[in-house]
Amino acid sequence: MLMADPAVLRNLLEEYEALASSHTETGGAQARQRMEDLAYTLCVSTGTKDVDSALAAARQQLESAAGG
């Protein structure tokens, strides 16, 4: 399986998590759409089918890339 570049994966994960934490406060249509786009990209990048699995896989891949 192809592996996403760790820097790209980290950026996707950080942006998704930042939007998710602020989404409940400022969740406009643009933020919702960006979260959907990020979720899709994370799923494709990690070879998963849902955002929760993608987030877990991204974290695991980043941990492995860091040597942990």
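Along each chain, residue indices are assigned from 1 in the same order as the chain's sequence is written. Per-residue local features of the predicted model are confined to residues with pLDDT of at least 70, and side-chain atom pairs are confined, for both listing and counting, to 80 or more; whole-chain, interface and lining totals are unaffected and use all residues. As a rule here, side-chain values cover all heavy atoms of the structure and leave hydrogens and water aside.

A. Fine view of the overall build of the protein. When helices and strands are tallied, the protein shows three helices and zero strands. Where helices and strands are cited, they refer to DSSP runs of H or I of at least four residues and of E of at least two residues respectively, numbered from the N terminus. Each helix and strand of the protein, ordered N terminal to C terminal, gives the series α-α-α. For every residue, the accessible area obtained with a 1.4 Å probe (protein chains only) is divided by the maximum for its type, and the residue is called buried under 20%, exposed over 50%, and partly exposed between those limits. Split into buried and exposed, the 68 residues of the protein put 29% on the buried side. Contacts: residue pairs with any heavy atoms within 4.5 Å of one another. Long-range contacts, defined as pairs at least 24 residues apart, comprise 50% of the intrachain contacts of the protein with a sequence gap of at least 6.

B. Seen up close, the environment of Y16. Assignment of secondary structure puts Y16 in helix α1 (residues 6-26). Dropping the residues within four chain positions of it, Y16 is found in contact with M35, L38, A39, L42, V51 and L55.

C. A look at the pattern of salt bridges. By definition here, a salt bridge exists when the distance from a side-chain nitrogen of Lys or Arg to a carboxyl oxygen of Asp or Glu is within 4 Å. Here the structure, examined in full by the defined rule, presents two salt bridges. Linking E15 and R34 is a salt bridge whose minimum nitrogen-to-oxygen distance equals 2.8 Å. Of this pair, E15 sits in helix α1 while R34 sits in helix α2 (residues 29-46), placing them 19 residues apart in sequence. Linking E17 and R59 is a salt bridge whose minimum nitrogen-to-oxygen distance equals 2.5 Å. A residue pair is termed long-range when its members are at least 10 positions apart, and E17 in helix α1 and R59 in helix α3 (residues 51-65) qualify at 42 residues.

D. Representation of the packing of α2 against α3 within the structure. Between N-to-C directions, angles cover 0 to 180 degrees, with each direction set by a line fitted to C-alpha atoms, over the stretch in contact for helices. It is the contact of α2 with α3, at a shortest axis distance of 9 Å, that shows an interaxial angle of 55 degrees. With respect to α3, the axis of α2 lies oblique. For α2 against α3, the interelement crossing comes out left-handed. Of the residues in α3, those in contact with A39, L42, C43 and T46 of α2 are V51, A54, L55, A57, A58 and Q61. Across the contact of α2 with α3, the residue classes break down as eight nonpolar, two polar and no charged. Relative orientations are named as follows: roughly parallel for angles under 35 degrees, roughly antiparallel for angles over 145 degrees, roughly perpendicular for angles from 65 to 115 degrees, and oblique for any other angle. Left-handed describes a crossing in which the near helix is turned anticlockwise from the far one by less than a right angle; the clockwise case is right-handed. Classes in brief: Ala, Val, Leu, Ile, Met, Phe, Trp, Tyr, Cys and Pro nonpolar; Asp, Glu, Lys and Arg charged; the others, Gly included, polar.

E. Fine view of the confidence of the model for the protein. A score between 0 and 100, pLDDT records how confident the predictor is in each residue. Mean pLDDT for the protein: 90, with 90% of residues reaching 70 or above. Taken element by element, the protein is modelled with least confidence in α1, mean pLDDT 87, and with most confidence in α3, mean pLDDT 95.

F. Structural view of the environment of T46. Along the chain, T46 turns up in helix α2. Note on T46: relative accessible area 4%, which makes it buried. Along the sequence, T46 and L9 sit 37 residues apart, while their C-alpha atoms lie 8.9 Å from each other. Here T48 takes part through its side chain, which lies 2.9 Å from a polar atom of the side chain of T46. Polar contact is defined as a pair of N or O atoms within 3.5 Å, subject to the rule that within protein one atom must be able to donate a hydrogen and the other to accept it, and that residues adjacent in sequence are counted only when both atoms are side-chain atoms.

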